[in-house]
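Listed below are the residues making up each chain.
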Amino acid sequence: MGMDLRVVPAEEWWNRGRDSSHDGERDLGLMVTDFLETGGGGSGGAGSWCSSDSDSGFPDPSYLSDKIQYLKYSMAQHETEVLSAVRTLMLTIKEKDLHSVKSGTCNASCIRFYLAKLLRLSGYDAAVCSARWQGGGKVPGGDNEYIDIILSDSEVGQDERLIVDIDFRSHFEIARAVDSYQRIMESLPVVYVGTVARLNQFLQVMVDAAKFSLKQNSMPLPPWRSLNYLRSKWHSPHKRHLGPIDQQGPGMFSPGLHGQCAENLKRLQFALQVEQESERFMKKKSGFSRRNKPEIMRIQGALAP
């Protein structure tokens, strides 16, 4: 498939890709500045940085919301089992565990590395993936980090790669979001677990929702919220890392404190708990409705004139 899945020491990968990563950051920074200064027109004329898709015929937000709900629960049994394991392990992580991974502010990387370690201890072939891509055309360069799990053919009939993104909603935040978009974004899974194919469907729905929201404020779709840019986060060439576990020192990331990572952990764990409570409530409500439908109909009949 052309993907290099060799395990590479974290320091080697960081040093190898540092220059291209900085180029990507500069590309995105320049593009953001250009986009804001020209009102979305870019240096190449009106609309040059904006999505080339038509501004008409936006899907109804209620349809997009229903689509999200469908995608959330249209999971194969093995995906559901992995999601359950990921959620359980996420909720067991403590702030002190993050310090055993590495020192330094790392944009939640320490959470990913520790979760990947817990998944491996649970029997999964899990690793942290670092992806970087060069900008081109209307797609700025950038980088992304996530976890993947390789399921063997003995488990699911063929080798399958599952993506685990521990802060899925953060990829879709936009400026001046209308209420319908905010509700759709908050209905996304807190943690995404699933195939790339299913992930692509989520991305398409969120791009459509973003276009609708931005259109209400007469704002164009910025390039860093385009479908091609979002797809680059998980489709770009990547390296798998098992470390740095139990490593002290600068490692892959800039030195600093774990305070922000601890706050991210608390936020994600709280969101997971809310999501699970909501699912339990909906299942209970659904079960109550099914069990009591005959009784409800009997009472309704008795009350009818």
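Cut-offs applied
Residues numbered from 1 in each chain as written. Predicted model: local features only at pLDDT ≥ 70, side-chain atom pairs only at ≥ 80, totals over all residues. Heavy atoms only, no water. Helix = DSSP H or I, 4+ residues; strand = E, 2+ residues; numbered from the N terminus. Buried < 20%, exposed > 50% of the residue type's maximum accessible area, 1.4 Å probe, protein only. Contact = heavy atoms within 4.5 Å. Core = buried A, V, L, I, M, F, W, Y, C linked by side-chain atoms within 4.5 Å. pLDDT = per-residue confidence, 0-100. Expected span 1.5 Å × (residues − 1). Pairing = 2+ DSSP bridges. Axes fitted to C-alpha atoms, helices over the stretch in contact; angles between N-to-C directions. Arc of directions from axis to C-beta. Parallel < 35°, antiparallel > 145°, perpendicular 65-115°, else oblique. Left-handed = near helix turned anticlockwise from the far one by under 90°. Nonpolar A, V, L, I, M, F, W, Y, C, P; charged D, E, K, R; others polar. Polar contact = N/O pair within 3.5 Å; in protein donor to acceptor, adjacent residues only side chain to side chain.

### Details of the overall build of the protein chain
- Regarding its fold elements, the protein chain presents 10 helices and five strands.
- Within the protein chain, buried positions represent 45% of all 305 residues.
- Counted over contacts in the protein chain with a minimum sequence separation of 6, partners at least 24 positions apart contribute 74%.

### As for the nonpolar core
- Ranked by internal contacts, the top residues of the largest apolar core, which has 37 residues, are Val86, Met90, Ile93, Ile111, Leu115, Leu119 and Ile147.
- Mapped onto this core, the elements with two or more residues apiece are helix H3 (77-92), helix H5 (109-121), strand S1 (125-133), strand S2 (142-151), strand S3 (160-165) and helix H10 (259-303).
- Broken down by element, the residue count for this core peaks at eight residues, all from H5.
- Met90 has contacts with Ile111, Leu115, Ile166, Leu265, Leu268, Gln269 and Leu272, leaving out every residue within four places of it along the chain.
- One finds Leu71, Ile163, Phe202 and Val207 within the second-largest nonpolar core, a separate group that totals 28 residues.

### Some remarks on the confidence of the model for the protein chain
- Summary statistics for the protein chain give a mean pLDDT of 76 and a share of 67% for residues scoring 70 or more.
- Averaged pLDDT values for the elements of the protein chain fall to 42 in helix H1 (residues 10-37) and rise to 97 in strand S4 (residues 192-194).
- In this model residues 245-256 is a low-confidence stretch, pLDDT under 50, and it forms 41 contacts with partners more than four residues away in sequence or in other chains.

### Topic: H5
- If you check H5, its first and last C-alpha atoms are 18 Å apart, about what 13 residues at 1.5 Å a residue would give, namely 18 Å.
- Counting buried positions over the 13 residues of H5 gives 10, a clear majority of the element.
- Within the sequence span of H5, burial applies to Ser109, Cys110, Ile111, Arg112, Phe113, Tyr114, Leu115, Ala116, Leu118 and Leu119.

### Some thoughts on unusual backbone geometry
- The phi dihedral of Arg176 is positive, around 50 degrees, even though this residue is not glycine.
- Position of Arg176 relative to the elements: it lies in the loop between S3 and helix H7 (179-186).
- Arg176 gets classed as exposed once you look at its relative accessible area, which sits at 55%.

### Some remarks on the environment of Met185
- Examined against the element boundaries, Met185 turns out to sit in helix H7.
- According to the relative accessible area criterion, Met185 is buried, its value standing at 8%.
- Sequence separation of Met185 and Ser65 is 120 residues, and the distance between their C-alpha atoms is 8.9 Å.
- Discounting residues that sit within four places of it in the chain, Met185 has contacts with Arg169, Phe172, Glu173 and Met206.

### Things to note about the sheet that holds S1
- With antiparallel pairing, five strands are arranged side by side in an open sheet as S4-S3-S2-S1-S5. Strands at the two margins of the open sheet, each flanked by one partner only, are S4 and strand S5 (238-241). The average undirected angle you get between the axes of adjacent strands in this sheet is 30 degrees.
- Strand direction decides the pairing type here: S1 and S5, joined by four bridges, are antiparallel. Looking across to S5, one finds that Ala131 is bridged to His238.
- Strands in contact with H5 are S1, S2 and S5; relative to S2, the strand with the most contacts, it is inclined by about 10 degrees.

### Regarding helix H2 (residues 61-73)
- Its 13 residues give H2 an end-to-end C-alpha distance of 19 Å, which sits within 8% of 18 Å, the value for a rise of 1.5 Å per residue.
- Within the sequence span of H2, burial applies to Pro61, Leu64, Ile68, Leu71 and Lys72. Angularly, the buried residues of H2 cover 100 degrees about the axis, an arc narrow enough to put them on a single face. Seen from the buried face of H2, the exposed residues on the opposite side, beyond 90 degrees, are Asp66, Tyr70 and Tyr73.

### Remarks on the packing of H7 against helix H8 (residues 196-216)
- It is at 9 Å that the axes of H7 and H8 come closest, and there the two elements cross at 160 degrees. In terms of orientation, H7 lies roughly antiparallel with respect to H8. For the pair H7 and H8, the crossing hand works out as left-handed. Contact residues: Ser180, Tyr181, Ile184 and Met185 in H7; Met206, Ala209, Ala210, Phe212 and Ser213 in H8.
- In terms of residue class, the contact of H7 with H8 is built from seven nonpolar, two polar and no charged.

### Section: the side chain of Asp148
- For Asp148, the position within the fold is in strand S2.
- A polar contact is formed between the side chain of Asp148 and the side chain of Arg240, at a distance of 2.8 Å.
- In this structure, Asp148 is in contact with Asp125, Ala126, Ala127, Cys129, Arg161, Leu162, His238 and Arg240, ignoring residues within four places of it in sequence.

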